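Observations on chain architecture
Here is what each chain is made of, one letter per residue.
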Amino acid sequence: DTAVSQTPKYLVTQMGNDKSIKCEQNLGHDTMYWYKQDSKKFLKIMFSYNNKELIINETVPNRFSPKSPDKAHLNLHINSLELGDSAVYFCASSLNGRTDTQYFGPGTRLTVL
Amino acid sequence: QKEVEQDPGPLSVPEGAIVSLNCTYSNSAFQYFMWYRQYSRKGPELLMYTYSSGNKEDGRFTAQVDKSSKYISLFIRDSQPSDSATYLCAAGKTSYDKVIFGPGTSLSVIP
């Protein structure tokens, strides 16, 4: 009965590889987000989708590409991984695009070697 | 200067103490303020959100916003060891705008 789930939980990979992180929510929300939390714990928005439409697209390298096949899913694909991409990536969701009440997933800890 | 700042701590208090967690922000356009709790290796969990200035209470938690001084506080009464976590404050201009998070304050409640 997990509300927002992410897979995988841990991801260790080599520089230059391409990887994907998947997110699913069963809350009936229509808006989903990707956040990056770096080693200093700052949580920063990367993207948000509302009804499969890109709403927020922060200054993120174009190696990062989100894809939303439907309202309940938002995946993040990362090409040509770099050391600086190592972080915890959180997916979140909310209803009607409201950012003041977001529900976060458990995070995916990405380590690039 | 970061838009939302917090003392990272760690803050250590005895069980039963009243805890005061604080944030400052620089953007006077911020109207919505949130507090999230994040346990180690878990995702942030929304505790409370408030609009503009004033107080909001929910059980043992009280959120306070003072827009004149750009100061946000979270008070935890009768603190419990289960309150040990990192507390993130966050702010946004509208309830639909992107949210800016502070770096969090690490709290330990000692039994």
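Fair warning: this is a prediction, and the values are worked out from it, not measured in the lab.

Cut-offs applied
Residues numbered from 1 in each chain as written. Chains lettered and ligands numbered in written order. Predicted model: local features only at pLDDT ≥ 70, side-chain atom pairs only at ≥ 80, totals over all residues. Heavy atoms only, no water. Disulfide = S-S within 2.5 Å. Helix = DSSP H or I, 4+ residues; strand = E, 2+ residues; numbered from the N terminus. Buried < 20%, exposed > 50% of the residue type's maximum accessible area, 1.4 Å probe, protein only. Contact = heavy atoms within 4.5 Å. Pairing = 2+ DSSP bridges. Axes fitted to C-alpha atoms, helices over the stretch in contact; angles between N-to-C directions. Core = buried A, V, L, I, M, F, W, Y, C linked by side-chain atoms within 4.5 Å.

1. Things to note about the state of the cysteines
The final tally for this structure, using the stated rule, is two disulfides over all chains. In this model Cys23 of chain A forms its disulfide with Cys91 of chain A; the gap between the sulfur atoms is 1.8 Å. Its S-S torsion of approximately -80° makes the covalent link between Cys23 of chain A and Cys91 of chain A left-handed. Of this pair, Cys23 of chain A sits in strand S3 (residues 19-25) while Cys91 of chain A sits in strand S9 (residues 87-94), placing them 68 residues apart in sequence. As far as burial versus exposure is concerned, Cys23 of chain A and Cys91 of chain A are alike and both buried. Covalent S-S linkage joins Cys23 of chain B and Cys89 of chain B, the inter-sulfur distance amounting to 1.5 Å. Disulfide Cys23 of chain B-Cys89 of chain B: the torsion about the S-S bond is -85°, which places it as left-handed. Highlighted residues: Cys23 of chain B in strand S3 (residues 19-25) and Cys89 of chain B in strand S9 (residues 85-92), separated in sequence by 66 residues. Owing to a relative accessible area of 1%, Cys23 of chain B belongs among the buried residues under this scheme.

2. Focus: the environment of Cys89 of chain B
By relative accessible area, Cys89 of chain B is classed as buried at 0%. For Cys89 of chain B, the residues in contact, after removing those within four places along its chain, are Val4, Gln6, Cys23, Met34, Trp35, Ile100, Phe101 and Gly102 of chain B.

3. Comments concerning the sheet that holds strand S8 (residues 71-76) of chain B
All names here are of chain B. Strands sit in the order S1-S3-S8-S7-S6 across an open sheet of five strands; the sheet is antiparallel. Of all the strands in the sheet, just strand S1 (4-6) and strand S6 (54-58) have a single pairing partner and so form its edges. This sheet shows a mean twist of 20° between the axes of neighbouring strands, independent of strand direction.

4. Focus: the sheet that holds strand S7 (residues 64-70) of chain A
All names here are of chain A. The strand order across the open sheet formed by four strands is S1-S3-S8-S7, and the pairing between neighbours is antiparallel. At either end of the open sheet lies a strand with only one pairing partner, and these are strand S1 (4-7) and S7. For this sheet the average axis-to-axis angle between neighbouring strands, irrespective of direction, equals 20°. Inspection of the sheet shows S1 paired to S3 by four bridges, in the antiparallel sense.

5. Observations concerning unusual backbone geometry
A cis amide bond links Thr7 of chain A with the next residue in sequence, Pro8 of chain A, at an omega value of -5°. Here Pro8 of chain A shows up in the loop between S1 and strand S2 (10-13). Between Gly9 of chain B and the following residue, Pro10 of chain B, the backbone shows a cis peptide bond with an omega angle of 10°. Positive phi is not limited to glycine here, since Lys52 of chain A has a value of about 70°.

6. Things to note about the nonpolar core
Residues and elements named next belong to chain B. Ranked by size, the top nonpolar core spans 25 residues in total, and within it Val4, Trp35, Leu74, Ile76 and Tyr87 carry the most contacts. When contributions to this core are tallied by element, the ones reaching two or more residues are S3, strand S4 (32-38), strand S5 (45-51), strand S7 (61-66), S8, S9 and strand S11 (105-110). Residues contacting Ile76, with those up to four places away along its chain left out, are Ala17, Ile18, Val19, Leu21, Arg60, Phe61, Asp83, Tyr87 and Leu107.

7. Topic: the pairing of S9 of chain B
Residues and elements named next belong to chain B. By the criterion of burial, S9 is predominantly enclosed, with seven of the eight residues buried. In the sheet, S4 pairs with S9 via seven bridges, with the strands oriented antiparallel. Paired with Gln38 across the strands is Thr86, a residue of S9. Here S9 pairs with S11 via three bridges, running antiparallel.

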